[in-house]
Amino acid sequence: MTLSRSPSPHPGGGWSSPGLIPASGTVSPNGPSPGALSPGTPGSISWAAAKAKSDEVRGYPSFSTRNNGFFSRQRHKLSTRFPTFRRLSPREYVDKDDYGREWKRSGSGRGLLGALRIPIRRGRLRLLFALFLVWIGYLFCWTTIVQAYRRSPIGGGSKFVIILGSNVEGGVMEWKGAREWAIERNSIWNKKRYVKKWGYELELANLLAKKRYSHEWRESWEKGDVIREAMRKYPDAEWFWWLDLNTWVMEYDTSLQHHLFNDLESHVYRDITAYNPLNITHPLPEFWLDELGRSLEGDGKADSLNMLLTQDCAGFNLGSFFLRRSVWTDRLLDIWWDPVMYEQMHMDWEHKEQDALEYIYQSQPWVRSSVGFLPQRSINAFPPGACGDGDNPVIHYQQNAHDLIVNMAGCMFGRDCWSEIYYYRELSNWLGRSRWERFTDSLSDVYDRMMGKERDD
Amino acid sequence: MQFALPPRRSPHPLPLSRSSRMPSYRRKQLKSVAVLAFAVLSIIYLLHYLYSSSSTSVVAPASTSGVVIITLLDRQRYSENYLKKIVANREDYAKRHGYTNFFASVSDYDEVVGDAPMSWAVAPATRHAMATHTRSAYFFYLAPNALIMNPTKSLKSHILEKGRLEDLMLKDVPVVPPDSIIKTFAHQQEADVDLIITQDSEDLNPGGFILKNGEFARFFLDVWFDPLYRNYNFAKAETHGLDHIMQWHPTVLARTALVPQRILSSYSSDSPGASLDGTYKDGDLVIQFHGCDDAEGRDCARELEPYYKQWEKKTQSD
């Protein structure tokens, strides 16, 4: 009621004349309501100060205990340094009314408020407060912010889609046991974690046994269809990374950009003679082909690379490969499966699209210049048991080199997929320990050793 | 009421308008910096543009507009005399319009084609022509059993001119007549077309087609010439191979325009199987003696003779 009118200059352009307080005249002197004691009005200041003084003169027994809190102590110190401060606090008066109940709260509250009110301290405290907020924000939101950045077009994460072939032949052909479910669950969890960290997209391809993909009906191969669907679903993505279900991402901290795509040319070899288990003739000798068709290295530009894959000991391996959205890729996906070729070759093409791709690569020159090969371990390391039991540094996973991916290729033929996946899951966790975990691990290691020694003694 | 009058402009200059008081040398500096920045940015943009456009690889350079006429000379099938006439016919046409001729002998591709019928040589021959004339924009393949009858008609005005193809294209038409369930795209644009071809009453007709230089051409020819097609024993060899590709692979079909048969390959009245209104009429660009070389009781040289004389008369009168 008393402050219903704004004390600031009136919107009509008027100003308060000196000596004429806007509130003057509206406040009745005999109505000592706390609201009327606004600290801005010089008239009330002296009054409040006087009240406060009398407050202290009365000498409550709580005087000594009042300044126990940090803030109140600070405030006390300050207030002794700035005597005018006490005049500025109107609360003293209010507290007096029901002192017995409220003194504690009001004491600390006053301290905080008071501290904020001091011009010099205000800046620093605000800074401290802001820093505190930033710290809290860092603790709680930093990963979210980083992930949001990585997902954004600037971060470039949305350019990559991982397509994980899951539920292989599920539904009809096979009865899934606990192990199969565990593989499925773990593999998906693994890719999800990696994708979340770097802001990529994950597309779970359900490779359910469908009539159209059964032998008599074969209309195409699943992989091609699934990739095409993913390309439609993620129109902004550029690279599509096919991963078989039996793969494990070992290094969550390695981004694809850093691992490959920032400097693609240096990682890729296009001259297949560098590693050529299939003995493919390269470059093509045909006199009627143009230079590009006969070239050893294609056009040599990273831009023209539309497919990245690896070769294992037996030739092309499509357990883990990249396709880039491009006209070339559309054509490849279109030509990959063809009824006339399928009719002639389905007995020989045991590995379906993999064999077909090998064939197309050999027989159709247009394909070669856009296919880049990666060293196998860069995206497709094998565990021992695949391509020989030995420890071939070209093929098999190297723990010390921190290879990105392990592909349990062929584990369903006489090996144990689940135990392999389990092993690499644990290995990956162990390799990716945080510093603190490493520290505690080494401590317990030392401890164990000492205990062991004691026992030995 | 407060806004009844527009706010009056203050007679005093606002203290905020500091820019007017900016020293002139500073302004000049700023200006030059801005100009420099603009220049640098535009250069970067230009370079980027050039770089990215060059990365689209073997698409024919924009400046070239040359046409290469490809003719496959099969010396086993045709007499030397016959082929001489065909060569003369092509050379005259090329000379008139500034086109380039590419004559290839079928025997050159013996080894490549292998056991398959030699008519498959059309694919490697076209690829060969593209490799030889990398800067030409269009490749016009014309079978040796065809004669150019209207030498004054240039390919450009006849088909390649902008907007012309839009009128000629057959849209939403069965790819393989008469009733293939695969039809040419109804929404096809002239700009998307890389291959122009005709069909007769039964199949696509690879006896006369125009292929635009570029990645599609390489892709298309390589697919067409795939060994598994060649060895499949298609009854009509490369013709059926082409039918098959067109119907099964939309990336090929999407860049193909079907035009009425008389645009590129009218059949002579002796040749069976012409499409509706596909038989040669005076004034057509090309006459094709389709099947004259392998049907019994037909003789290409004899069929050619009257039309060749007609053509000679025309060239002399010009």
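So, a few notes on the structure that sits alongside this text. (Residues numbered from 1 in each chain as written. Chains lettered and ligands numbered in written order. Predicted model: local features only at pLDDT ≥ 70, side-chain atom pairs only at ≥ 80, totals over all residues. Heavy atoms only, no water.)

## Here's the deal with the packing of aromatic side chains
Summed over the entire model, instances satisfying the criterion amount to 39 aromatic pairs over all chains. Note on F261(A) and F322(A): the rings are 5.1 Å apart at their centroids and 80° apart in plane angle, and the pair reads as edge-to-face. Placement of the pair is F261(A) in the loop between α10 (256-259) and α11 (264-267) and F322(A) in strand β6 (residues 315-324), with a sequence separation of 61 residues. Take F261(A): its relative accessible area is 14%, and that puts it in the buried class. Within the aromatic cluster, the residues linked to one another by ring pairs are W328(A), W366(A), Y141(B), F209(B), F216(B), F219(B), F220(B) and W224(B). Residue placement shows R150(A) over the ring face of W198(A); its charged tip is 4.0 Å from the ring centre. Geometry around F225(B) places R230(B) over its ring, the cationic atom sitting 3.8 Å from the centre. (Phe/Tyr/Trp six-rings, centres within 6.5 Å; stacked < 30°, edge-to-face > 60°. Helix = DSSP H or I, 4+ residues; strand = E, 2+ residues; numbered from the N terminus. Buried < 20%, exposed > 50% of the residue type's maximum accessible area, 1.4 Å probe, protein only. Lys NZ or Arg CZ within 6 Å of the ring centre and 35° of its normal.)

## Some thoughts on unusual backbone geometry
Excluding glycine, a negative phi dihedral is what most residues carry, and trans is how most peptide bonds are arranged. Note the cis peptide between H282(A) and P283(A), where omega equals -5°. The topology assignment puts P283(A) in the loop between α11 and α12 (291-294). Residue P178(B) follows P177(B) across a cis peptide bond; omega there is 0°. Take P178(B): it is sitting in the loop between α6 (164-168) and β5 (195-199). The phi dihedral of C387(A) falls on the positive side, at around 55°, and the residue is not glycine. The topology assignment puts C387(A) in the loop between α17 (376-379) and β8 (405-407). Phi at D277(B) is positive, roughly 55°, even though this residue is not glycine.

## Some points on the side chain of T251(B)
In this fold, T251(B) is placed in helix α10 (residues 250-253). With relative accessibility at 19%, the residue T251(B) sits in the buried group. Here T251(B) is in contact with D330(A), R331(A), D334(A), F216(B) and F219(B), once residues within four sequence places are set aside. (Contact = heavy atoms within 4.5 Å.)

## Points about the pattern of salt bridges
As enumerated under the stated definition, the model contains 32 salt bridges over all chains in all. Among the salt bridges present, the one from R96(B) reaches D92(B), with a minimum N-O distance of 3.0 Å. Placement of the pair is R96(B) and D92(B) together in helix α2 (residues 80-97), with a separation of four residues, close to one helical turn. Overall, the relative accessible area of 32% leaves R96(B) in the partly exposed class. Salt bridges sharing common partners tie together D290(A), R127(B), R218(B) and D222(B). (Salt bridge = Lys/Arg side-chain N within 4 Å of Asp/Glu carboxyl O.)

## Examining the sheet that holds strand β8 (residues 266-267) of chain B
All names here are of chain B. Pairing in this open sheet of three strands is mixed, and the strands run β4-β9-β8 from one edge to the other. Sheet topology places β4 (146-148) and β8 at the edges, where each strand pairs with a single neighbour. Where β4 meets strand β9 (residues 286-288), three bridges bridge the pair, whose relative direction is antiparallel. Pairing of A146 across the sheet is with Q288, part of β9. (Pairing = 2+ DSSP bridges.)

## Overview of the interface of chain A and chain B
With 28 residues of chain A at the interface, the matching set in chain B holds 33 residues. Roughly 2800 Å² is buried in total at the junction of chain A and chain B, and carbon and sulfur atoms are behind 62% of that figure. Our enumeration of links across chain A and chain B arrives at two salt bridges. Here R218(B) makes a salt bridge to D290(A), at a shortest N to O gap of 3.6 Å. Taken together, the links from chain A to chain B amount to 14 residue pairs in polar contact (both at pLDDT 80 or more). Breaking the side of chain A that touches chain B down by element, the ones donating at least two residues are α12, α13 (327-336), α14 (339-345), α15 (353-363) and α16 (365-368) of chain A. No other element matches α14(A), which puts six residues into the side of chain A that touches chain B. When the residues that make up the side of chain A that touches chain B are grouped by side-chain class, the tally is 14 nonpolar, five polar and nine charged. (Buried area = accessible area lost by both parts, 1.4 Å probe. Polar contact = N/O pair within 3.5 Å; in protein donor to acceptor, adjacent residues only side chain to side chain. Nonpolar A, V, L, I, M, F, W, Y, C, P; charged D, E, K, R; others polar.)

## Let's talk about a nonpolar patch on the surface
On the surface, F129(A), F132(A), L133(A), W135(A), Y138(A), L139(A), F140(A), W142(A) and I145(A) cluster together to form a nonpolar patch covering roughly 1100 Å² of accessible area. Inspection of the secondary structure assignment puts L139(A) in helix α7 (residues 119-151). (Patch = residues over 30% accessible without salt bridge, like charges linked within 9 Å, V, L, I, M, F, W, Y side chains within 5 Å. Areas by Shrake-Rupley, 256 points an atom, 1.4 Å probe, with all protein chains shown as cover.)

## A word on the side chain of N101(B)
Residue and element names in this part refer to chain B. Within the secondary structure, N101 is located in strand β2 (residues 100-105). Within the structure, the side chain of N101 is placed 3.2 Å from the backbone oxygen of R90, a separation counted as a polar contact. Aside from chain neighbours lying at most four places away, what touches N101 is I69, R90, E91, A94 and H133.

## Thoughts on the state of the cysteines
Residue and element names in this part refer to chain A. In the structure shown here, the tally under the stated rule is three disulfides over all chains. Across a sulfur-sulfur distance of 1.9 Å, C313 and C387 are joined as a disulfide pair. In this structure the cystine formed by C313 and C387 twists about its S-S bond by roughly -85°; its chirality is therefore left-handed. Taken as a pair, C313 in the loop between β5 (307-312) and β6 and C387 in the loop between α17 and β8 lie far apart in primary sequence, 74 residues in all. A relative accessible area of 23% means that C387 is categorised as partly exposed. Note that C411 is cross-linked by a disulfide to C417, the S-S spacing being 1.9 Å. Linking C411 and C417, the disulfide has an S-S dihedral of approximately 90° and is accordingly described as right-handed. For the pair C411 and C417, a shared accessibility class is recorded, and that class is buried. (Disulfide = S-S within 2.5 Å.)

## Digging into the nonpolar core
Counting residues in hydrophobic clusters, the biggest one holds 90 residues, and the most contacted among them are M307(A), W336(A) and W224(B). Examining the composition of this core, we find that seven residues originate from one element, helix α7 (residues 215-224) of chain B, more than from any other. If we skip the residues at most four places from it in the chain, W336(A) touches W221(A), M307(A), L318(A), F321(A), E353(A), A356(A), L357(A) and I360(A). Of all hydrophobic cores here, the second largest spans 43 residues; its members include L164(A), L245(A), L260(A) and V406(A). (Core = buried A, V, L, I, M, F, W, Y, C linked by side-chain atoms within 4.5 Å.)

Interpretation in functional terms is not warranted from these geometric data alone.
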